[in-house]
Amino acid sequence: MSNVLSGIRVLDLTNVLAGPYSCYLLAQLGAEVIKVERADSGDLARQLGADSELNQKKMGVSFLAQNAGKMSMTLNLKDPVGKEIFKKLVKNSDVVVENFRAGVMKRLELDYDSLKEINPKLIYCSISGFGQDGPMAPLQAYDQIVQGLSGVMSVTGDEETGPLRVGYPLCDTIGGLTASFAISAALYRRSQTNQGENIDVSMLESTLSTMGWVVSNWLIAGVAPTRLGNQNMTAAPSGAFKTKDGLLNIAANQQKQFERLSKIVGRETWLSDPKFNDREARKVNREELNKELENALSKKTAKEWAALLNQNDVPAGEVQSIPDVLAHPQVEARDFIQKISNEQGHEINVVRAGFKLSSGDPKLNSYPPELGQHTEELLLELGYSSDDLSYFKQAQII
């Protein structure tokens, strides 16, 4: 297991996806992540997912996907005693991550300015839809809303089908990645300066930051992007094409790749045709070129063409389903899926972070926690007695 964040304690106050995913990545790198949840319901993701029985047990698939490697503690942060307990935790922690609406933590008196008085070296990360200031700061944010506002949907699909939502919570995930990056950078600076940090992550801005090409085409070139469906705006033929049995992605973005493609599919005449032999001409005549290419590709399956094209240095790959890619030899060879189990013998498969380290690959060391599974352990560690715990339960503080 990689321990690059060994000794770092993270208090995870987040719900659903962006925040939990960020802390999930930190846990894989060896950080001790304590998920602080509401006692009555916990993270909403505990009730979400395709298995209704798991949802009823507050161990929904959506929760299992992002919370392995963490501890769970229940705590009522609206109660004065609950706040004091949390502040004791903060005193010996390194990072706090929250994704409430802007202003909520300040009303609870648990914002960065309040907590840095307790722990000046604290790194405090707020993840929200639109950031902590600006006219939209107080609004709730869901991935679908941010996909629409960010312009992602405007460039997804084609003129007939779009705008379309990307088929998974893209903006939530990018927000979580951005938070992990910022937290890691702040931890590094603190190791050099002993200074804490207040991080303000906007899902909207995080998403826009990843849209460099389409955004810059407008900012720099003054060209508004259009929907091209499965086609690549920068080259042709480059996109998804019908074969004998399914779709095949081909990226013949360079002239040499196009020349090799022409010969492999038996269309050498393209090389002397003024409509196709030049990069810009191919873009102008994209529709005609695509039609001819699909006629040629209809002779073989997507898998057969992918093997043949890749052997000849023309980038290609089948359009796969989720079950297909998770069973793919490449994914298996990289040991990307990890099986973890709990003390009751329940096993699940989860995905690891998308990178490896020579010092030890990111890995999860425990099954996703049941709601409040570690509350008593952590309170005893803070110096509270068994009688205190009984009172906390009776007063609904935990």
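The rules behind the values
Residues numbered from 1 in each chain as written. Predicted model: local features only at pLDDT ≥ 70, side-chain atom pairs only at ≥ 80, totals over all residues. Heavy atoms only, no water. Pairing = 2+ DSSP bridges. Helix = DSSP H or I, 4+ residues; strand = E, 2+ residues; numbered from the N terminus. Axes fitted to C-alpha atoms, helices over the stretch in contact; angles between N-to-C directions. Contact = heavy atoms within 4.5 Å. UniProt positions renumbered as here; feature names shortened; annotations may be inferred. Core = buried A, V, L, I, M, F, W, Y, C linked by side-chain atoms within 4.5 Å. Buried < 20%, exposed > 50% of the residue type's maximum accessible area, 1.4 Å probe, protein only. 1 Å grid on protein atoms, 1.4 Å probe; cavity = no way out; pocket = protein on both sides within 12 Å on 5 of 7 lines; lining within 4 Å. Points joined across faces, edges and corners; volume = space filled by probe spheres on them. Nonpolar A, V, L, I, M, F, W, Y, C, P; charged D, E, K, R; others polar. Patch = residues over 30% accessible without salt bridge, like charges linked within 9 Å, V, L, I, M, F, W, Y side chains within 5 Å. Areas by Shrake-Rupley, 256 points an atom, 1.4 Å probe, with all protein chains shown as cover. Salt bridge = Lys/Arg side-chain N within 4 Å of Asp/Glu carboxyl O. Phe/Tyr/Trp six-rings, centres within 6.5 Å; stacked < 30°, edge-to-face > 60°. Lys NZ or Arg CZ within 6 Å of the ring centre and 35° of its normal.

J.: So what's going on with the sheet that holds strand β4 (residues 95–98)? Which residues, and what values?
T.: Ordered in space as β3-β2-β1-β4-β5-β6, the six strands form an open sheet in which the pairing is parallel. Since the sheet does not close on itself, it has two edges, and those belong to β3 (70–74) and β6 (197–202), each with one partner. In this sheet, adjacent strand axes meet at a mean angle of 20° when their direction is disregarded. The pairing of strand β1 (residues 9–12) with strand β2 (residues 32–37) spans four bridges and is parallel. Bridged to Val-10 within β2 is Val-33. Contacts from helix α1 (residues 18–28) reach β1, β2, β3, β4 and β5 (123–128), with the element oriented near 165° to β1. Across the sheet, helix α4 (residues 80–91) lies against β1, β2, β3 and β4, angled at about 150° from β1, the strand it touches most.

J.: Quick one: what's the story with the environment of Pro-315, residue by residue and with numbers?
T.: Take Pro-315: it is sitting in the loop between α14 (302–311) and β9 (316–318). In this structure, the C-alpha to C-alpha distance between Pro-315 and Leu-261, residues 54 residues apart in sequence, is 9.7 Å. Those residues in contact with Pro-315, other than ones at most four positions away along the chain, are Asn-249, Ile-250, Ala-251, Gln-257 and Asn-310.

J.: Account for the UniProt feature "coiled-coil region" (unreviewed entry) in the protein chain, with residues named and values stated.
T.: Mapped onto the present numbering, the UniProt feature "coiled-coil region" (unreviewed entry) falls on residues 279–306. End-to-end, the C-alpha atoms of residues 279–306 are 22 Å apart, and along that stretch the chain is 82% helix and 0% strand.

J.: Tell me about the nonpolar core, residues and numbers included.
T.: Grouped together as the largest cluster of nonpolar side chains are 28 residues, with contacts concentrated most on Ile-85, Phe-86, Val-96 and Leu-379. When residues of this core are assigned to their parent elements, the largest contribution, four residues, is made by α4. In contact with Leu-379, not counting residues within four places along its chain, are Met-73, Ile-85, Tyr-384, Leu-389, Phe-392 and Ile-398. If you look at the next biggest cluster of nonpolar residues, it comprises 26 residues, including Leu-26, Cys-125, Ile-183 and Leu-204.

J.: Quick rundown of the layout of surface pockets? Include the residues and the values.
T.: Space inside the largest pocket adds up to approximately 1500 Å³. Around the largest pocket sit 47 residues that line it, and Asn-15, Val-16, Leu-44, Asn-99 and Phe-100 are the ones nearest its centre. Among the secondary structure elements, those contributing two or more residues to the lining of the largest pocket are β2, α3 (61–66), β5 and α7 (143–150). Tallying contributions element by element places α3 first for the lining of the largest pocket, with four residues. Each pocket or cavity is described by its volume, and for the second largest pocket that value is around 730 Å³. Lining of the second largest pocket is provided by 23 residues; of these, Ala-65, Gln-66, Ile-322, Leu-326 and Val-351 occupy positions nearest its centre. When residues of the lining of the second largest pocket are traced back to their parent elements, those giving at least two are α1, α3, α15 (322–326) and β11 (347–351). Among the residues making up the lining of the second largest pocket, the classes are represented as 17 nonpolar, five polar and one charged.

J.: Tell me about a nonpolar patch on the surface, and please be specific about residues and values.
T.: Together, Met-136, Leu-139, Tyr-142, Ile-145 and Leu-149 make up an exposed nonpolar region whose accessible area comes to about 480 Å². Mapped onto the secondary structure, Ile-145 falls in helix α7.

J.: Requested: an account of the packing of aromatic side chains, with residues and values cited.
T.: On inspection of all chains with the given rule, the structure shows five aromatic pairs. Arranged with centres 6.1 Å apart and planes meeting at 75°, the rings of Trp-270 and Phe-276 form a pair that is edge-to-face. Phe-276 shares its class with Trp-270; the two are buried. Arranged with centres 5.2 Å apart and planes meeting at 80°, the rings of Tyr-384 and Phe-392 form a pair that is edge-to-face. Classification of Tyr-384 as buried rests on a relative accessible area of 14%. Feature note: the residues Phe-258, Trp-270 and Phe-276 constitute an aromatic cluster, connected by ring pairs. Against the face of Phe-63 rests Arg-46, its NZ or CZ located 3.9 Å from the ring centre. Over the face of the ring belonging to Tyr-384 we find Lys-88, whose NZ or CZ atom lies 4.4 Å from the ring centre.

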